[in-house]
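One letter stands for each residue in the lines below.
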Amino acid sequence: MKKITSFILVSALCVAATLQSCKKSEEAAPVVTKCATCTATPDAVAANNSSSKGIYKGVFIGSSGTIKFDVLNSGTTITAVMVIDGITVNLNSSIAWANGQPYVAPFTGTFNGAAITINFSVDASGGTPVIVSSSVPGHPTIQFTLLKETSVALVEAFEGSYTTSLSESGTFNMLASRVLGKYGGVSRKTNGSSNGGFDGTLDAAGNMKDSKDGIIIGKITGDDIAGTSTAGNGAVIKIVAKRTL
């Protein structure tokens, strides 16, 4: 079982070692597309905004994909839907929810004919959602990033990649809330096993400002992300991503 980190909007917006100490950036030409399966408004209902009930969305690397938990949001079931390498996996939990208590439970299902378990935890008010451990056959280094959606703050998930002028490339996945003006996620070099966390702020135009150096490293336009920035070592870093949840 692999220890997994939660979505905390801290750490530098630099992908792997190459993205450390970013100094300047350039805006890429926007490409506007639409995610046909994504919602434009929150699924979360107002009654659950300060509860462990509700909607939790996430992205992951170690492969790539998204996950969405529904803890009694507007019905009587506790389920999750995970999309991993384009394959949809339905997960269920048999642990009952209790008012005023944290919700900690395994979500189980089947992936490629094998059992899968995602151990989810969130505090009583819906804060600090985290995957504490997971067992996904063939994906021993999977890492999740989670955020609770509320009725007034849609959470969007983006999957993408980065490349550098030093011939490095990798996965770049993130969550964003335009209402809250924040984004954050995780990256990993191709064929690597270590992760790079990143975060920052979003302005009204969708510009993504790095929390460490304050530079604009990309822009959300429609359901797309594109950006070019320069690292302290002179490497040019390009990011591209599309909304998938």
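Above this note sits the structure.
Residues numbered from 1 in each chain as written. Predicted model: local features only at pLDDT ≥ 70, side-chain atom pairs only at ≥ 80, totals over all residues. Heavy atoms only, no water.

1. Points about the environment of threonine 41
Under the convention used in this document: For helices the rule is a DSSP run of H or I covering at least 4 residues; for strands it is a run of E covering at least 2, with both sets numbered from the N terminus onward. We call a residue buried when its accessible area falls under 20% of the maximum for its residue type, exposed when it is over 50%, and partly exposed in between, using a 1.4 Å probe and counting protein chains only.
Structurally, threonine 41 can be placed in the loop between β2 (24-26) and β3 (54-61). Since its relative accessible area comes to 52%, threonine 41 is described here as exposed. Along the primary structure threonine 41 and leucine 154 are separated by 113 residues, whereas in three dimensions their C-alpha atoms are 6.1 Å apart.

2. Examining the pairing of strand β14 (residues 196-202)
For the record, the criterion: Should DSSP find at least two bridges between two strands, the strands are taken to pair.
Within β14, five of the seven residues are buried, which leaves the element mostly enclosed by the surrounding structure. Pairing between strand β13 (residues 182-189) and β14: six bridges, direction antiparallel. In the sheet register, lysine 182 faces β14, and the bridge partner there is threonine 201. The antiparallel hairpin formed by β13 and β14 contains six residues in its connecting segment, where asparagine 191 sits at a positive phi of about 65°. Across three bridges, β14 lies against strand β15 (residues 207-210) in antiparallel orientation. Its bridge partner lying in β15, threonine 201 is registered against lysine 209.

3. Quick look at the state of the cysteines
Going by this rule: Cysteine sulfurs are considered disulfide-paired once they come within 2.5 Å of each other.
Tallied over the entire structure, the rule returns one disulfide. Disulfide partner of cysteine 35: cysteine 38, at an S-S distance of 2.1 Å. An S-S torsion of about 70° defines the bridge between cysteine 35 and cysteine 38 as right-handed. Side by side, cysteine 35 and cysteine 38 carry an identical accessibility label, which is buried.

4. Here we look at the nonpolar core
Applied cut-off: What makes a nonpolar core is a set of buried Ala, Val, Leu, Ile, Met, Phe, Trp, Tyr and Cys residues whose side-chain atoms join them at distances within 4.5 Å. Any two residues having at least one pair of non-hydrogen atoms within 4.5 Å are treated as being in contact.
Counting residues in hydrophobic clusters, the biggest one holds 25 residues, and the most contacted among them are Phe69, Met82, Leu91, Phe107, Ile118 and Phe120. Looking at this core, the elements that each hand over two or more residues are β3, β4 (64-71), β5 (78-84), β6 (87-92), β7 (103-111), β8 (114-122) and β10 (143-149). Ignoring anything within four residues of it in the chain, the contact list for phenylalanine 107 reads Phe69, Ile78, Thr79, Ala80, Leu91, Asn92, Ser93, Ile116, Thr117, Ile118 and Phe120. Counting 15 residues, the second largest nonpolar core, distinct from the first, contains Phe172, Met208, Ile215 and Ala241.

5. Describing the environment of alanine 98
Locating alanine 98 in the fold gives a position in the loop between β6 and β7. C-alpha of alanine 98 to C-alpha of serine 52: the two residues are 46 residues apart in sequence and 9.0 Å apart in space.

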